[in-house]
Structure formats: structure tokens, C-alpha cells
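A look at the structure
One letter stands for each residue in the lines below.
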Amino acid sequence: MTTVPERLGVVGAGTMGAGIAQLGCAAGMRTLLFDPLPDALDRGAERVRDGLAKWIDKGRAPTDAPERLHLAGSLDALADCELVIEAAPERAELKRELFGQLSSVCGSEAVLATNTSSIPITSLASAASRPENVVGMHFFNPPPLMGLLEVIRADQTREHALQLAVATGEAMGKRVILAADGPGFLVNRCGRPFAAEALRLLQERVATHEQIDRICRLGGGFRMGPFELMDLVGIDVGFEVAKSFTELSFGEPRWKPNPIQARMVAAGRLGRKSGRGYYEYGADGPYRPENPEPPAPAGGAGRPVSILGEGPVAEGLRKRARAAGFELRAGGPADLIVDARSAPADPRAANGPLVAFCAPSSLAARGVPGAAGFHVLPPLDGSRLVELTRLPTSPAPVADTAERFFAALGFLAEWVDDAPGLVLGRIVCQLVNEAWFAIGEGVGSGEDVDAGLTLGLNHPRGPVEWGEAIGPEHVLAVLDGLWDERHEERYRAAPLLRRVSRGMP
Ligand SMILES: NC(=O)c1ccc[n+]([C@@H]2O[C@H](COP(=O)([O-])OP(=O)(O)OC[C@H]3O[C@@H](n4cnc5c(N)ncnc54)[C@H](O)[C@@H]3O)[C@@H](O)[C@H]2O)c1
């Protein structure tokens, strides 16, 4: 069994380094904190002590934890550390130089870890004299509060370094996940479609940024929509990350930056830090309205509706329609036919006003000029928002009937433009797809992907679990619908997702 280090070195006393040092002290390690700037070192040490004082008050750290913090005036002071975690600025040359210096300062068994969020660990390992002892330890901001640690194996990393990193993370109270080296490692890679697909939807004018954010919050249960998040992170930062993904992958189409990002950066609209990004951050009031309350479910009044299909969407809608007092009929005639099938055999047939599921195709591709379209994502129990769409040929009474029906089921309606999967379906199905690409490429396990996105990015559920709740038929219907209508490689389904959907793991 690997024991945790007694002596931990932390290089760089900024936001991340100070947080990591706090975790080390609280976990019982003698922690040496180094920063070349004396002021930065003092500020970092103060942050560690403040953080520990709060934890001691709450009983989350032993009272002697602050005594374990030692300030290092030079890298040489880290000579007898068993583990050194580097949290210096995100510049590859600076980090490579540090790994060279640490190799000559530290003992031959010492493990050298980096907290980089984007530089390939394999390239940093090659700057160390013992690359097999180099590993990635990617903490999330703020390290004392975020429950996740992503441990990344460079091509050269040996088992000892990996195990020491895992044991240290666990001693610090983290859920540790394992990732292979590659663009964004596991968490940031699997999280990419949240922003990337949102930008495509905006570019195609399927919906506005406010609508996309509201749909993600109310329909998907995300705490923040993608544009709010991009503003918070910094649009320039997101643009750089997207460019680095493209460079590292030699042009993977799913990861291309979006021209909207380039224009926003060129205009100086960088997000919260510049006072304006997708939203305006003025002194007067919040940048967006409060979430609207969904209507109370009621008002079916025995009216006949027919909900076609099997699976979680059809079943979830039938349950809510029954609770709202509608009479469910197997076929028409009915006040409304809700076709919730992911693979309709007779896409044009309807014996009454039709609202069609926009999973397998856009409404336009469905070829029923008089219909309206809808999309919701399972699980439906807590869902508060339905997306609706209409064509210029959709009669107003059909659109009104569809909106009234979903309102009676307790859904807020968001009218968006036509596309397979509409907004949320497209974003979430691409999250599920990316997860299965990553699993298929050996980047991490399904369990670790789910833990990574829920604990590291605060997603409401992991993409593997979500894919199961949605059902692979529905996920593939959206992806294949996008492929059929766009013929863009970014919408090709992950081979493993297709295999799993056929029951062949
Ligand atoms: N901030 C985040 O959200 C976050 C999340 C995950 C990973 N990271 C990664 O963690 C690392 C540190 O990020 P941060 O946000 O703490 O940065 P930061 O700017 O807050 O801190 C960096 C510290 O490194 C010090 N430093 C400068 N030159 C140095 C050198 N040659 N050797 C040692 N230290 C030096 C600086 O004085 C500063 O105190 C980066 O690689 C970053 O990509 C950051």
C-alpha cells in the first residue's frame, strides 16, 4: 500500500498553490510552500492560515495543522520532499524549467506533480531527469472546497508516482479520478460541448444566448447556462483553451473554436472582468432576470390527447398528462397528438393537430407542414421547461394548443428555431457523445467521467448516467439527425456509444 508523503512541497503560492498547501497541512503533511516573489509567498501563507483557522473552528482540521506550514525561501528547501506539486503560472517553458530544477534539487524517488490545466503532462515529464516520476494532479478552484482531484498519467508515468498522487488526494479528502494525458485531460475535455455546442446554436440562430442559458438552467438543471459561465471564466480564456484543443488534436472538428469567440475577444468583450461579455455587468441590478416560475400543472379537464411512443419521454409525458387531468387516447381523434417517438415509422401520419418530437430530425425535415415541434430531455420528473418550435407553415392554433398542453403539464415554454434536438437535446447529446469518445479512447472510465463532471464542473448529473436516462436510441436519434442535416464530422456518433446502444459493450 502506498503511504502518503510526510513532506509535501508546493511550488507557487497563488490561488491554487495556497489552496493545495492548506489541504496538505490539514491532511497531516509537513508542507513547504515556495514562491519566488516574497509578497506572493506572504499572501499565500496568510491565505493558508486563514483557511486552516476556519477549518479548525468547524472541526475539519486538527488544531496543530498551521504548525505544519513552512515557508521556503528557495527551491533547495524542498530537497527532502517525497512529493512536490507545482502550481506556477500556466506557461510551458516556465514549467519545463521548474521540472529541470526540481529534478536536480529533489531525491531520486521524489514524485513531481503539476497542477497544469492544459499543458500536456508528457511534455513536462520529458523535462525532468526521471520522467517516470512525473504525474498530473489537477485540482479544481478553489482546491479546499472542490471535492475532485484528477490524476493524469503521462506516457512516461510509472505506477509508484500514480499511486502516490492518488493516495495524497484521498488523504486530502478528494474523490480521485484517473485520466490519460490528452487535450483537457478528462474533465475539461468531456465538459467542452457545453460551451462549444451552445456557441454553434447561437451561430445558427437557433436561440439567443439568454434563451440557451434559461433552457440549460430550467430544462437541464444546470446551475448556470453556458454563456453565463463563459462570461465568468473569461471569453478570452475560453478562446485560448479552444485553440489549444485544436492544436493538440490537429484539428478535431468537435473542438474547433467558434468565430463568435474571436469576435467577442476582438471587441474587448471578455466577460465579467471587462464589464461586458454576452451579458452586461453594470452597477444597476443583476445581469439577467430571475428564473421564471413554471405554471402549476392543471387544466386537462378530461380533454382527449394522444401521446405516441414508448420510452422515457412518452411515458413521462403520459404520467404528467394524466396528473393534469387529460384523457389519454391510444390514437386520434384527439385535441392534440403528441408524437414522442425517437424513430417514427410513419412520420407523416396524424389524426388531429400534431406536435412532433424534434429528436430524430428537425421539424422541417419531418415533412409535416401543419405540425409544431417540441423537445424535452429525460428525466422528466423534475423538468420545468419544454422547447417548442414552429415552421412558417405551422398554423397558429396548433402552436397555441401545443403551448397550452405543455403549460397544463407544468412546463414553461421556450420557442426556439428548428433543429434536431433543438437546444438542450443538442448540448446534452453532444456531452454524452464526448464522454463515449473519451471512454472509447481510454481517457477514463465511465464512473470517473460522471464523478468528474458532477464534482468538477457542477453538472446536475454525469453524461453516462444522463445518457442512460435519456436512452441510447434518443441520443443517437439526435446525433444522427444532426449528421443527416449538417453532414459535419462534429456530429458523428462515438463508435462505442453506437455499440453500447446495440447492447454490445
Ligand atoms: N485558477 C484556476 O482556476 C486553476 C484551476 C486548475 C488549475 N490551474 C492551474 O494552476 C496553476 C496556477 O494557477 P493559479 O490560478 O494559482 O495562478 P496564480 O497566478 O494565482 O499563482 C501563480 C503563482 O506562481 C508564482 N510564480 C511565478 N513564477 C514562478 C516560478 N518561476 N516558480 C514558482 N512560482 C512562480 C506567482 O508569484 C504566483 O504566486 C496554473 O498552471 C493553472 O493553469 C488553475
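Now for a look at the structure at hand. As the structure is a prediction and not an experimental result, all values here were calculated from the model.

Before going further, it helps to spend a moment on the overall build of the protein. Scanning the protein from terminus to terminus reveals 18 helices and 15 strands. Over its C-alpha trace the protein gives a radius of gyration of 26 Å, about what one expects of a compact globule, namely 23 Å for 505 residues. With the principal axes as the frame, the protein shows a C-alpha extent of 80 × 50 × 45 Å. Across the 505 residues that make up the protein, the buried fraction comes to 55%. When contacts within the protein are restricted to residue pairs at least 6 apart in sequence, long-range pairs at least 24 apart make up 68% of them. Accessible surface, the protein: about 20600 Å² in total, of which carbon and sulfur atoms supply 53%. Each charge class in the protein was averaged separately, 53 positive and 63 negative side chains, and the resulting centres sit 4 Å apart.

The next point concerns the sheet that holds strand β5 (residues 111–114). With mixed pairing, 8 strands are arranged side by side in an open sheet as β3-β2-β1-β4-β5-β6-β7-β8. Here the strands that pair on one side only, and so sit at the sheet edges, are β3 (69–72) and β8 (175–180). If you compare each strand with its neighbour and ignore which way they point, the axes differ by 25 degrees on average. Across 3 bridges, the pairing between β5 and strand β6 (residues 134–139) is parallel. Directly across from A113, in β6, lies its bridge partner V135. Each of β1 (7–11), β4 (83–86), β5 and β6 is contacted by helix α3 (residues 92–105), which is oriented at about 165 degrees to β5, the strand it contacts most.

Here we take up the pattern of salt bridges. Inspection of the entire model under this criterion finds 32 salt bridges. R217 serves as the salt-bridge partner of E228, at 2.7 Å between the closest nitrogen and oxygen. Of the two residues, E228 sits in helix α8 (residues 226–233) while R217 sits in helix α7 (residues 209–219), which places them 11 residues apart along the sequence. E228 gets classed as buried once you look at its relative accessible area, which sits at 1%. E252 is the salt-bridge partner of R254, the closest N and O atoms lying 3.1 Å from each other. In this structure, R254 and E252 share a single accessibility class: buried.

A few words on helix α6 (residues 187–203). Its 17 residues give α6 an end-to-end C-alpha distance of 25 Å, which sits within 8% of 24 Å, the value for a rise of 1.5 Å per residue. The principal kink in α6, of about 25 degrees, is found at P193. Counting buried positions over the 17 residues of α6 gives 14, a clear majority of the element. Following α6 by one or two positions, R205 has its phi on the positive side, about 60 degrees.

Between its terminal C-alpha atoms helix α14 (residues 424–440) stretches 24 Å, which fits the 24 Å expected from 17 residues at 1.5 Å a residue. With 16 of its 17 residues buried, α14 lies for the most part within the structure. The first or second residue beyond α14 is G442, which carries a positive phi of 75 degrees.

Let us look at a nonpolar patch on the surface. A contiguous nonpolar patch, built from L229, L232, V233, V237 and V241 and spanning about 360 Å² of accessible area, is present on the exposed surface. Where the nonpolar patch is concerned, the elements lending two or more residues are α8 and α9 (235–249). It is α8 that provides the largest number of residues to the nonpolar patch, a total of 3 residues. V241 sits in the partly exposed class, given a relative accessible area of 31%.

What follows covers the nonpolar core. Within the largest apolar cluster, 126 residues are counted, with the highest numbers of intra-cluster contacts made by L78, Y278, L317, F374 and F405. The element contributing the most residues to this core is α14, with 11 residues. Residues A13, A21, A26 and A161 belong to the second largest nonpolar core, which totals 37 residues.

This part covers unusual backbone geometry. Residue P142 is bonded to the preceding N141 through a cis peptide linkage, with omega at -5 degrees. For P142, the location among the structural elements is in the loop between β6 and β7 (148–153). Omega for the peptide link from P378 to P379 comes to -5 degrees, which places this bond in the cis form. Look at F185: it is not a glycine, yet its phi comes out positive at around 50 degrees. Mapping F185 onto the fold places it in the loop between β8 and α6. Since its relative accessible area comes to 1%, F185 is described here as buried. One non-glycine residue, F250, adopts positive backbone phi at about 55 degrees.

A few words on the packing of α6 against helix α10 (residues 259–266). Closest axis-to-axis distance for the α6/α10 pair is 9 Å, and the angle between their directions is 85 degrees. Judged on the interaxial angle alone, α10 and α6 are roughly perpendicular. Residues L199, L202 and Q203 of α6 touch α10, and the partners they reach there are P259, I260 and Q261. Of the residues that constitute the contact of α6 with α10, the class distribution is 4 nonpolar, 2 polar and no charged.

We now examine the site of the ligand. The environment of the ligand is formed by 23 residues, the closest being M16, D35, E90, K95 and S117. In this structure, M16 approaches the ligand through a main-chain N or O atom, which is 2.8 Å from an oxygen atom. At a separation of 2.6 Å, an oxygen atom of the ligand approaches a polar side-chain atom of D35. Taking 830 Å² as the accessible area of the ligand by itself, protein coverage stands at 74%. Elements supplying a minimum of two residues to the shell around the ligand: α1 (15–26), α3 and β6. With 3 residues, the single largest contributor to the shell around the ligand is α3. Of the residues that constitute the shell around the ligand, the class distribution is 12 nonpolar, 8 polar and 3 charged.

About the cut-offs
- Residues numbered from 1 in each chain as written.
- Predicted model: local features only at pLDDT ≥ 70, side-chain atom pairs only at ≥ 80, totals over all residues.
- Heavy atoms only, no water.
- Helix = DSSP H or I, 4+ residues; strand = E, 2+ residues; numbered from the N terminus.
- Rg over C-alpha atoms; globule rule 2.2 N^0.38 Å.
- Buried < 20%, exposed > 50% of the residue type's maximum accessible area, 1.4 Å probe, protein only.
- Contact = heavy atoms within 4.5 Å.
- Areas by Shrake-Rupley, 256 points an atom, 1.4 Å probe, with all protein chains shown as cover.
- Lys, Arg positive; Asp, Glu negative; His and termini not counted.
- Charge placed at Lys NZ, Arg CZ, Asp CG, Glu CD.
- Pairing = 2+ DSSP bridges.
- Axes fitted to C-alpha atoms, helices over the stretch in contact; angles between N-to-C directions.
- Salt bridge = Lys/Arg side-chain N within 4 Å of Asp/Glu carboxyl O.
- Expected span 1.5 Å × (residues − 1).
- Bend = angle between axes of the 7 residues up to and from the residue.
- Patch = residues over 30% accessible without salt bridge, like charges linked within 9 Å, V, L, I, M, F, W, Y side chains within 5 Å.
- Core = buried A, V, L, I, M, F, W, Y, C linked by side-chain atoms within 4.5 Å.
- Parallel < 35°, antiparallel > 145°, perpendicular 65-115°, else oblique.
- Nonpolar A, V, L, I, M, F, W, Y, C, P; charged D, E, K, R; others polar.
- Near = heavy atom within 4 Å.
- Polar contact = N/O pair within 3.5 Å; in protein donor to acceptor, adjacent residues only side chain to side chain.

As far as function goes, none of this settles anything; it's purely spatial.
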